[in-house]
Amino acid sequence: MDMFDDRRVVIQPLNKFWYLNKVASIDMLRLDLLHPVVSGNKWFKLRLNMNYALDNGFKTIVTFGGGYSNHLAATAYAAKKFNLASVGIVRGKYEVLTPTLEECQNQGMHLIFVTQEDYKNKEEPEWAKSLVAHFDEILIIPEGGANEKGRAGAGLISRFVHDSYSHIAVAVGTGTTLIGLRNKLKAHQNVMGFVPMKQGAYVGEHIAAHLQEDKNRNWELIDDWHFGGFGKWKPELITFMNEFYDVNNIPLDIVYTSKMMYGLNEMLKYNYFSTCDKILCIHSGGLQGNSSVKNELIYQ
Ligand SMILES: *Cc1c(COP(=O)(O)O)cnc(C)c1O
């Protein structure tokens, strides 16, 4: 089977004990099962970009990310799979590589480290090109795969989402996945974006700017469960991840999906939903990022 075969994706009902009778049902869309590295939403955001690169004779994929970026790891892996060179422009200087960056390098990605300050130029193609002048035929993909093809690719996730779901919960970084989904789902479906950043509601501006006019409703951002900020966590989050695994046999990632499920669980407790709601939670993958907390988790 191809490593990116959609048939690996399943919808799994979540074990009832943790929400009792608060809603009609809660399921999880297991995009994490696509592949251990190129998993979840990352492959959807990359796939149309990769097709474009192959169809148009590009030889090198250039993209951006921090030391723990799932997008960098996924790009490194996918580029190698399609025999393209890859360059990762990394925010910050690392004396010692993070496990994610090591993985990128093992996949043949060439890493270029820039200061936090310089990284702010990431949206200027001329700046990026000057860093990779010695590579052939480069295609630049923005941080997080946040371009038109990334949004359209994320929209393909909607093919797994039945119209009967009233609420779709999705974790938000750049908002690309939420945009793609919101643009494709039915108007009556509520898209709830859980943001793992402190004061993460700022992403809303970017999201609103990219939604088709008639789809710019029935979505909201929830930024209450950031646990101190992006990439930060507290022992209660780990306890929750272990309990969730114990009950549902589903591993969550420390950066995105654990905070989403923790928040959703709290909202269920406080009767945010009605008893006829049907919720679909999107497992957007990211499990490679758990290597930094692997000693705390009962899985992997
Ligand atoms: C990257 C990532 C996200 C964020 O996706 P965006 O499209 O940037 O909003 C969510 N969940 C996981 C697991 C991710 O790796």
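Everything numeric here is computed off the predicted structure, so don't read it as measured data.

**Some thoughts on the site of the ligand**
Stage number 1. Near the ligand, the surroundings consist of 16 residues, among which Lys42, Asn70, Thr174, Thr177 and Ser284 are the closest.
Stage number 2. In this structure, an oxygen atom belonging to the ligand sits 2.8 Å away from a side-chain N or O atom of Lys45.
Stage number 3. Here Ser284 contributes a side-chain N or O atom positioned 2.7 Å from a nitrogen atom of the ligand.
Stage number 4. Protein contacts shield 97% of the accessible area of the ligand, which totals 380 Å² for the unbound molecule.
Stage number 5. Because more than half of its atoms lie within 2 Å of the grid, the ligand is assigned to the largest pocket.
Stage number 6. Sorting the residues of the shell around the ligand by element identifies helix H1 (40-55) and helix H7 (176-184) as the ones contributing at least two each.
Stage number 7. No other element matches H1, which puts 3 residues into the shell around the ligand.
Stage number 8. In terms of residue class, the shell around the ligand is made up of 3 nonpolar, 10 polar and 3 charged.
Stage number 9. Both of domain 1 (6-37 + 151-296) and domain 2 (41-145) provide at least three residues apiece to the shell around the ligand.

**Description of the pattern of salt bridges**
As a working rule, side chains carrying opposite charge can pair if their charged atoms are close by.
Stage number 1. Evaluated as defined, the whole model comprises 11 salt bridges.
Stage number 2. Among the ionic pairs, Asp6 bridges to Arg47, the shortest N-O distance being 3.3 Å. Linking Asp6 in the segment before strand E1 (11-13) with Arg47 in helix H1, this pair joins segments that are 41 residues apart in sequence.
Stage number 3. A salt bridge links Lys120 to Glu117; the nearest nitrogen and oxygen atoms lie 3.2 Å apart. In terms of burial, Lys120 and Glu117 fall into one category: exposed.

**Structural notes on the domain arrangement of the protein chain**
Stage number 1. Here the protein chain is partitioned into domain 1 (6-37 + 151-296) and domain 2 (41-145).
Stage number 2. Opposite the 21 residues of domain 1 that make contact, domain 2 presents 18 residues.
Stage number 3. The interface formed by domain 1 and domain 2 contains 1 salt bridge.
Stage number 4. Here domain 1 is connected to domain 2 by 5 residue pairs in polar contact (both at pLDDT 80 or more).
Stage number 5. For the side of domain 1 that touches domain 2, the secondary-structure elements that each account for two or more residues are helix H6 (148-155) and H7.

**Quick look at the layout of surface pockets**
By rolling a water-sized probe across the atoms, one finds the places where empty space is left.
Stage number 1. Estimates place the volume of the largest pocket at around 1200 Å³.
Stage number 2. In terms of lining residues, the largest pocket is bounded by 45 residues, among which Glu143, Gly173, Thr174, Phe230 and Tyr256 are the most central.
Stage number 3. Among the secondary structure elements, those contributing two or more residues to the lining of the largest pocket are H1, strand E3 (60-65), helix H2 (70-81), H7 and helix H8 (203-210).

**Thoughts on the nonpolar core**
Stage number 1. Leu29, Leu31, Trp43, Met50, Ile61, Ile157 and Ile282 are the most contacted members of the largest nonpolar core, which has 37 residues in total.
Stage number 2. Counting only elements with at least two residues in this core, the list comes to H1, H2, strand E7 (167-171), H7, H8 and strand E10 (278-283).
Stage number 3. Take this core: its biggest share by element is 5 residues, from H1.
Stage number 4. In contact with Leu31, other than residues within four places in its own chain, are Val9, Ser39, Gly40, Asn41, Phe44, Ile157, Phe160, Ile282 and His283.
Stage number 5. With 35 residues, the next largest nonpolar core counts Ile26, Ile222, Phe227 and Leu252 among its residues.

**Re the sheet that holds E1**
Stage number 1. Read from one edge to the other, the open sheet built from 6 strands follows the order E1-E2-E10-E7-E8-E9, with strand pairing classed as mixed. Lying at the two open borders of the sheet, with one neighbouring strand each, are E1 and strand E9 (219-222). Neighbour to neighbour, the strand axes of the sheet diverge by 25° on average, direction disregarded.
Stage number 2. Sheet topology places strand E8 (residues 190-194) next to E9; 4 bridges connect them, and they run parallel. Note on E9: the bridge partner recorded for Met192 is Glu220.

Rules of the game
Residues numbered from 1 in each chain as written. Predicted model: local features only at pLDDT ≥ 70, side-chain atom pairs only at ≥ 80, totals over all residues. Heavy atoms only, no water. Near = heavy atom within 4 Å. Polar contact = N/O pair within 3.5 Å; in protein donor to acceptor, adjacent residues only side chain to side chain. Areas by Shrake-Rupley, 256 points an atom, 1.4 Å probe, with all protein chains shown as cover. 1 Å grid on protein atoms, 1.4 Å probe; cavity = no way out; pocket = protein on both sides within 12 Å on 5 of 7 lines; lining within 4 Å. Sits in = over half its atoms within 2 Å of the grid points. Helix = DSSP H or I, 4+ residues; strand = E, 2+ residues; numbered from the N terminus. Nonpolar A, V, L, I, M, F, W, Y, C, P; charged D, E, K, R; others polar. Domains from an automatic or database assignment. Salt bridge = Lys/Arg side-chain N within 4 Å of Asp/Glu carboxyl O. Buried < 20%, exposed > 50% of the residue type's maximum accessible area, 1.4 Å probe, protein only. Contact = heavy atoms within 4.5 Å. Points joined across faces, edges and corners; volume = space filled by probe spheres on them. Core = buried A, V, L, I, M, F, W, Y, C linked by side-chain atoms within 4.5 Å. Pairing = 2+ DSSP bridges. Axes fitted to C-alpha atoms, helices over the stretch in contact; angles between N-to-C directions.

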